[in-house]
Amino acid sequence: MLTMVIDDSRAMRLILKRIVAQLGFDVVEAGNGQEAMDYLKTNVLEGEGEIPGLALVDWNMPEMNGLEFVTAVRAEPRLRGMTLMMVTTESEQSQIVRALASGAHEYVIKPFTPDAIIDKLALLGLVPNGVAA
């Protein structure tokens, strides 16, 4: 499954990429939501590229933040099948509710363990239960 890792931190992208790549996912990286939307527009909406099945999305990024990205994806009919998981330092209950109400499927608060990401992916049915990091 093609997965997008969207975070303005190169180190965080590397960590998340390593986790999902070990599970067999192919990974495309973006440094912010606008970069990710540009990729989707060019490769999916205007091209013949594969629609990512999953996006791991940071909240706080320049140009287009994670919440804006989630809203933009949900507004595009061809992208509505993407599973969106916020991976962010935003830990207030109101922020979590906002993200889920906007269309995110799951929410992981940084810092996290690889098992926390894998557990959420299992909850979403994207990896078998019992898979370890």
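Residues numbered from 1 in each chain as written. Predicted model: local features only at pLDDT ≥ 70, side-chain atom pairs only at ≥ 80, totals over all residues. Heavy atoms only, no water.

Participant: What am I meant to see in helix α3 (residues 66–75) here?
Facilitator: Two residues of an α-helix separated by three or four positions point the same way, owing to the 3.6 residues in each turn. Those residues of α3 lying buried are Gly 66, Leu 67, Phe 69, Val 70, Val 73 and Arg 74. When α3 is viewed along its axis, its buried side chains cluster within an angular range of 160° and face the same direction. Where α3 is buried, its residues meet β1 (2–6), α2 (33–45), β3 (54–57), β4 (83–88) and α4 (93–102). N-cap assignment for α3: the residue whose side-chain oxygen lies 3.0 Å from the backbone N of Leu 67 is Asn 65. (Buried < 20%, exposed > 50% of the residue type's maximum accessible area, 1.4 Å probe, protein only. Helix = DSSP H or I, 4+ residues; strand = E, 2+ residues; numbered from the N terminus. Arc of directions from axis to C-beta. Contact = heavy atoms within 4.5 Å. Polar contact = N/O pair within 3.5 Å; in protein donor to acceptor, adjacent residues only side chain to side chain.)

Participant: How do you make sense of the packing of α3 against α4 when you look at a structure like this?
Facilitator: Axis angle and axis distance: for two packed helices, these are the angle between their axes and the distance between the axes, and together they describe the pair. Contact pair α3 / α4: the axes reach a minimum separation of 9 Å and the direction vectors enclose 20°. As the angle between them shows, α3 and α4 are arranged roughly parallel. Like other packed secondary-structure pairs, α3 and α4 cross with a definite hand, here left-handed. On the side of α3, the interface is formed by Leu 67, Val 70, Thr 71 and Arg 74, while α4 contributes Arg 98, Ala 99 and Ser 102. A breakdown of the residues in the contact of α3 with α4 according to their chemical character gives 3 nonpolar, 2 polar and 2 charged. (Axes fitted to C-alpha atoms, helices over the stretch in contact; angles between N-to-C directions. Parallel < 35°, antiparallel > 145°, perpendicular 65-115°, else oblique. Left-handed = near helix turned anticlockwise from the far one by under 90°. Nonpolar A, V, L, I, M, F, W, Y, C, P; charged D, E, K, R; others polar.)

Participant: Would you take a moment to explain the environment of Leu 100 for this structure?
Facilitator: Position of Leu 100 among the secondary structure elements: in helix α4. Excluding residues that lie within four positions of it along the chain, Leu 100 makes contacts with His 105 and Glu 106.

Participant: Which parts of the structure should I look at to understand the UniProt feature "domain: Response regulatory" (unreviewed entry) in the protein chain?
Facilitator: Taken from the UniProt record, the annotation "domain: Response regulatory" (unreviewed entry) applies to residues 2–125. Strand forms 19% of residues 2–125 and helix 45%; the C-alpha atoms that close the span are 15 Å apart. (UniProt positions renumbered as here; feature names shortened; annotations may be inferred.)

Participant: I would appreciate a short explanation of the pattern of salt bridges in the present structure.
Facilitator: Going through the model one piece at a time under the given rule, you end up with 6 salt bridges. In this structure, the salt-bridge partner of Glu 46 is Lys 41, at a minimum N-O distance of 3.8 Å. Residue classification places Glu 46 among the exposed residues on the basis of a relative accessible area of 58%. Taking the relative accessible area as the measure of exposure, Lys 41 reaches 45% and is therefore partly exposed. (Salt bridge = Lys/Arg side-chain N within 4 Å of Asp/Glu carboxyl O.)

Participant: Any chance you could explain the nonpolar core here in plain terms?
Facilitator: One broad trend across soluble globular proteins is that nonpolar side chains are buried collectively. Residues Ile 6, Leu 40, Ala 55, Phe 69, Val 73, Met 82 and Met 86 are the most contacted members of the largest nonpolar core, which totals 24 residues. Where this core is concerned, the elements lending two or more residues are β1, α2, β3, α3, β4 and α4. Apart from residues no more than four positions distant in its own chain, Val 73 is found in contact with Met 37, Leu 40, Leu 79, Arg 80, Met 82 and Leu 84. With 17 residues, the next largest nonpolar core counts Val 5, Val 20, Met 85 and Ile 118 among its residues. (Core = buried A, V, L, I, M, F, W, Y, C linked by side-chain atoms within 4.5 Å.)

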